[in-house]
Amino acid sequence: MKAFIRTFFASVLAIIAVMALVIGLLASQAGKKEKIENRSWLVLDIYGDIPEYGPPADPMAQLMGGDVETLQGFLDNLTKAAVDERIEGVILKISANNTLGLGKLQELRSGVAKVRAAGKKVYAYADGLSKGSYYLAVACDSICMPATAYIEFTGLGATSMHFKRTLERIGVRPNLHRIKDYKSAAEIVLREDMSPEAKENTLWIMDEYWQVIMADLQADRGLSEEHVVALMEHALFTPEEARDEGMIDEVLYWDEFANRLKGEKDEELRTVASSRYEDESFDKVGLKGKKKIAVVHAQGLIAGRKSTINPMLGMVMGHESVVSDLRRATKDEDIVAVIFRVDSGGGENLASDLIGHQVEVTSQVKPIVASMVDHAASGGYQIAFRASKIIALPLTVTGSIGSISGKMNIGGLHEKLGITHDNVTKGPNALMWSPYSDFTEAERARFEDDHWKSFNLWLARVAEKRGMSFAEAEQLAHGRVWTGRQAVDNRLIDEVGGLDRAIEIAKELAEVPASEKVEVVHFPEEQGIMDMILGGGDTSVTVKWMIYRFIHEDLAATWDLVAAKLVGSPRMSLMEDLPIR
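## Looking at the sheet that holds strand 8 (residues 236-237)
No. 1: Pairing is mixed in the open sheet, where three strands are placed in the order 4-6-8. Either end of the sheet is taken by a strand with one partner, and the two such strands are strand 4 (128-129) and strand 8.
No. 2: Across two bridges, strand 4 lies against strand 6 (residues 150-152) in parallel orientation. When the bridges of strand 6 are listed, Leu129 appears paired with Ile151.

In structure tokens, the structure reads:
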């Protein structure tokens, strides 16, 4: 009894302590909310991990791990800043160390263009620029850097990694079947190099990237393709060299840059952080309408039932979570249309199909527009193709209609470790999926036949939905990957555009006048701290998000510091090469 009483009161005290901590944190956060003054500059910090939408259990992650900047938050803020009379202009603080893919960069470029079209200035202030971050910076009115910053401006490159020899050495044999030649992800374990098909696919994607980026650099900075190639030959630039080449405009430290922008009577430049500006409602700046359009966000690896955070893989999209959000948007009578915002390179076939089925169900009740971001490929395309309309950004990676299935035989590894197996079976094919043996010839034939049936069902649905014959759809499938621009030409999507265009199309389909304002609501809804404490959230997801951010940001930064110490380089990070799909 005494032990019970001690445990009981200890639990009560722990709860009180946690509540006091949370209340204190909330009070401190509330105290930081300052009034936005006239002649303020909105500052977007383009740094670190920037997902399309906030991770699950976002508020706790903010309190414990810092504000989570998202593409959606940036786009919302740029939309508000364009019409908010208190906002003088926008500053993009750009680092080469960010996770924005070309699709997200194009979306941000459109947001910058919206602010500039409203007659307001947008400046880029960068401490480091790679070709990706430079592509964003050139969309601004002017680019400034401090004297010790750096620019790395090289050609496009792609590198694949292969583990075939490693698996052979440790006694692991892949028993995989891929559909088909262009589904290059399987080559990581099946080959020691890229297949001709994988190289072909990568090159036609790379050619598309090249054309779009060259045209934008010409339009934004007046840099001809010949000049750009010459810059790539030089590769590494000091800010002074970049200024002399016309790549940037001025070499200034932040205080010098801020003094240029502040008002004559201001002691300091008035700035507003993006996280603070997100608290400003659309209604406050006159952008809220009576009718609602829902944006359902679907991002990350498609796997399992519930959306969560994997400490190593990042966001995971669970089919039950996404289906639940789609159903809520479908049943809400105040919502006239849905935008299905997809940013995923794929995942499980079953989970993808279940989400895609709900998209089709929704389309029978109200318009649903699929809006693709960086990636909507493989399973990412499977969840989207049944929408009423499909749009993608020009450099979105989409398609990859194909499949990889099978098992890994780790029996050889166990043998090397001295592990033995024995078994008892009853009935045929009892050990077909055993991880300690290869498929028999009969099992392999049965497995591959089943795999083809599953794939052909998916391809037939794509062909029917996109108005093609099966043969026409097959010419676009078997793992082939396309950009958004190419996907339009191939009829896999309807047109290119970002979130703004998706909203326009949703209004058209819902017969809402183009001039009428609408309220945009987002799913999943953000949960407050008290909701999480009272059971409305998943604290374990929050912990996983914190671990993921630690691994991908703090540990990565530590590694960069160590590398810089070893090689004596001031360059702390590089943008990723073109990914291999």
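## Comments concerning the sheet that holds strand 14 (residues 314-317)
Where strands meet in a sheet, backbone hydrogen bonds hold them as pairs that are either parallel or antiparallel.
No. 1: The mixed open sheet is built from three strands, whose spatial order is 12-14-13. Edge positions in the sheet fall to strand 12 (301-302) and strand 13 (308-310), since each has one partner strand and no second.
No. 2: As paired strands, strand 13 and strand 14 are joined by three bridges and run antiparallel to one another. Among the inter-strand pairings, Thr308 is bridged to a residue of strand 14, identified as Val316.

## As for the packing of helix 3 (residues 71-83) against helix 4 (residues 102-117)
No. 1: Packing of helix 3 against helix 4 leaves a shortest axis separation of 8 Å and a crossing angle of 10°. Relative to helix 4, the element helix 3 lies roughly parallel. Remark: the crossing between helix 3 and helix 4 carries left-handed chirality. Here Leu71, Phe74, Leu75, Leu78, Thr79 and Ala82 of helix 3 come into contact with helix 4, specifically with Lys104, Glu107, Leu108, Gly111, Val112, Lys114 and Val115.
No. 2: Of the residues in the contact of helix 3 with helix 4, the class split is eight nonpolar, two polar and three charged.

## Some thoughts on the pattern of salt bridges
No. 1: This structure, assessed with the given rule, holds 36 salt bridges.
No. 2: Salt-bridge contacts for Arg116 lead to Asp141; the nearest nitrogen and oxygen are separated by 3.2 Å. Taken together, the residues Arg116 in helix 4 and Asp141 in the loop between helix 5 (131-137) and strand 5 (142-145) connect sequence positions 25 residues apart.
No. 3: In this structure Asp141 comes out as partly exposed when scored by relative accessible area, which is 26%.

## Observations concerning a nonpolar patch on the surface
No. 1: Nonpolar side chains collect at one region of the surface, where Met161, Phe163 and Ile188 lie side by side and expose about 290 Å² of accessible area between them.
No. 2: Assignment of secondary structure puts Met161 in the loop between strand 6 and helix 6 (164-170).

## Here we look at helix 3
Given 3.6 residues to a turn, an α-helix orients residues that are three or four positions apart in the same direction.
No. 1: Helix length check: helix 3 (13 residues) gives 19 Å between terminal C-alpha atoms against 18 Å at 1.5 Å per residue, within 8%.
No. 2: Helix 3 sits mainly inside the fold: 12 of its 13 residues count as buried.
No. 3: Within helix 3, burial applies to Leu71, Gln72, Gly73, Phe74, Leu75, Asp76, Asn77, Leu78, Thr79, Lys80, Ala81 and Ala82.

## Looking at helix 14 (residues 349-363)
No. 1: For helix 14, built from 15 residues, the straight-helix expectation of 21 Å at 1.5 Å per residue is met to within 8% by its first-to-last C-alpha distance of 21 Å.
No. 2: Residues of helix 14 that are buried: Ala351, Ser352, Ile355, Gly356, Gln358, Val359 and Thr362. All buried residues of helix 14 fall inside an arc of 155° around its axis, so they share one side.
No. 3: Here the buried face of helix 14 lies against strand 12, strand 14, helix 13 (319-331), strand 15 (335-344), strand 16 (368-377) and helix 15 (379-382).

## Overview of the nonpolar core
No. 1: Membership of the largest hydrophobic core comes to 104 residues, with the highest contact counts inside it found for Phe153 and Phe340.
No. 2: Excluding anything up to four places from it in sequence, Phe340 contacts Val296, Ala298, Val322, Leu326, Ile355, Val359, Ile368, Val369, Ala370, Ser371 and Ile383.
No. 3: The next biggest cluster of nonpolar side chains, apart from the first, holds 13 residues, and it includes Ala337, Ala502, Ala506 and Val518.

## A word on the packing of aromatic side chains
No. 1: This model, assessed by the stated rule, comprises 14 aromatic pairs.
No. 2: When the ring of Trp433 is compared with that of Phe439, the centres are 5.3 Å apart and the planes differ by 85°; the resulting orientation is edge-to-face.
No. 3: Given the relative accessible area of 49%, Trp433 is considered partly exposed.
No. 4: Residue Phe439 is classed as buried on the basis of its relative accessible area, which comes to 9%.
No. 5: When the ring of Trp452 is compared with that of Phe455, the centres are 5.9 Å apart and the planes differ by 80°; the resulting orientation is edge-to-face. Residue Trp452 and its partner Phe455 are located together in helix 17 (residues 441-465), separated by three residues, close to a single helical turn.
No. 6: Residue classification places Trp452 among the partly exposed positions, given a relative accessible area of 25%.
No. 7: Using a relative accessible area of 2% as the deciding quantity, one classes Phe455 as buried.
No. 8: Site record: aromatic cluster; members linked through ring pairs are Trp41, Tyr123, Tyr125, Trp254 and Phe257.
No. 9: The ring centre of Trp254 lies 5.2 Å from the NZ or CZ of Lys93, which sits over that ring.

## Overview of the confidence of the model for the protein chain
No. 1: On average, the protein chain scores 87 in pLDDT, and the residues at 70 or more come to 83%.
No. 2: In this model, residues 58-62 is a region of pLDDT below 50 whose contacts with residues beyond four sequence positions or in other chains number 16 contacts.

## A closer look at the side chain of Gln382
No. 1: Note that Gln382 resides in helix 15.
No. 2: Overall, Gln382 belongs to the buried group, its relative accessible area being 5%.
No. 3: Of the polar contacts made by the side chain of Gln382, one reaches the side chain of Asn349; its length is 3.2 Å.
No. 4: Leaving out residues up to four positions away in the same chain, Gln382 has contacts with Asn349, Ser352, Asp353, Gly356 and Trp458.

## Here we look at the environment of Arg276
No. 1: When you line up the elements, Arg276 lands in helix 12 (residues 274-277).
No. 2: Separated by 199 residues in the primary sequence, Arg276 and Asn77 have C-alpha atoms spaced 9.9 Å apart.
No. 3: One polar contact links Arg276 to Glu280, side chain to side chain, over a distance of 2.9 Å.

What counts, and where the lines are drawn
Per chain, residue numbering runs from 1 following the sequence as it is written. A pLDDT threshold of at least 70 governs which residues receive local features in this predicted model, and a stricter bar of 80 or more applies before side-chain atom pairs are shown or counted, although totals over entire chains, interfaces and linings include all residues. With hydrogens and water set aside, each side-chain value is computed from the structure's full complement of heavy atoms. Pairing between strands is defined by DSSP: at least two bridges between them are needed. Starting at the N terminus, helices and strands are each numbered in turn, a helix being any DSSP run of H or I of at least four residues and a strand any DSSP run of E of at least two. Throughout, an axis means a line fitted to C-alpha atoms (over the contacting stretch in the case of helices), and angles, computed between N-to-C directions, take values from 0 to 180 degrees. Note that the term roughly parallel is reserved for angles under 35 degrees, roughly antiparallel for angles over 145, roughly perpendicular for angles of 65 to 115, and oblique for everything else. Here a crossing is called left-handed whenever its near helix is offset anticlockwise from the far helix by less than a right angle, and right-handed whenever the offset is clockwise. Whether two residues are in contact is decided by their heavy atoms: any pair within 4.5 Å suffices. For this classification, the nonpolar set comprises Ala, Val, Leu, Ile, Met, Phe, Trp, Tyr, Cys and Pro, the charged set comprises Asp, Glu, Lys and Arg, and every other residue, Gly included, is treated as polar. In the sections that follow, a salt bridge refers to a side-chain nitrogen of Lys or Arg positioned within 4 Å of a carboxyl oxygen of Asp or Glu. Exposure is judged per residue with a 1.4 Å probe applied to protein chains only, and the accessible area is read against the type maximum: over 50% gives exposed, under 20% gives buried, and values in between give partly exposed. The patches reported here contain residues having more than 30% relative accessible area and no salt bridge. Joining distances are 9 Å for like charges and 5 Å for nonpolar side chains (Val, Leu, Ile, Met, Phe, Trp, Tyr). Accessible surface area values rest on a Shrake-Rupley calculation with a 1.4 Å probe, where residue burial reflects the displayed protein chains alone. Expected helix span is taken as 1.5 Å per residue step, with the number of steps being one fewer than the number of residues. Here the arc refers to the directions that run from the helix axis out to each C-beta atom. Buried Ala, Val, Leu, Ile, Met, Phe, Trp, Tyr and Cys residues that are joined via side-chain atoms within 4.5 Å together make up what is termed a nonpolar core. Here a Phe, Tyr or Trp ring, Trp counted by its six-membered ring, pairs with any other such ring whose centre lies within 6.5 Å, and the pair is stacked when the planes are under 30 degrees apart, edge-to-face when over 60, and tilted otherwise. Only when the NZ atom of a Lys or the CZ atom of an Arg is both within 6 Å of the ring centre and within 35 degrees of the ring normal do we say a charge sits over the ring. pLDDT is defined as a per-residue confidence score from the predictor, taking values between 0 and 100. A 3.5 Å cut-off defines polar contacts: any pair of N or O atoms within that distance qualifies, except that in protein one atom must be a possible hydrogen donor and the other a possible acceptor, and neighbouring residues in sequence count only when both atoms are side-chain atoms.

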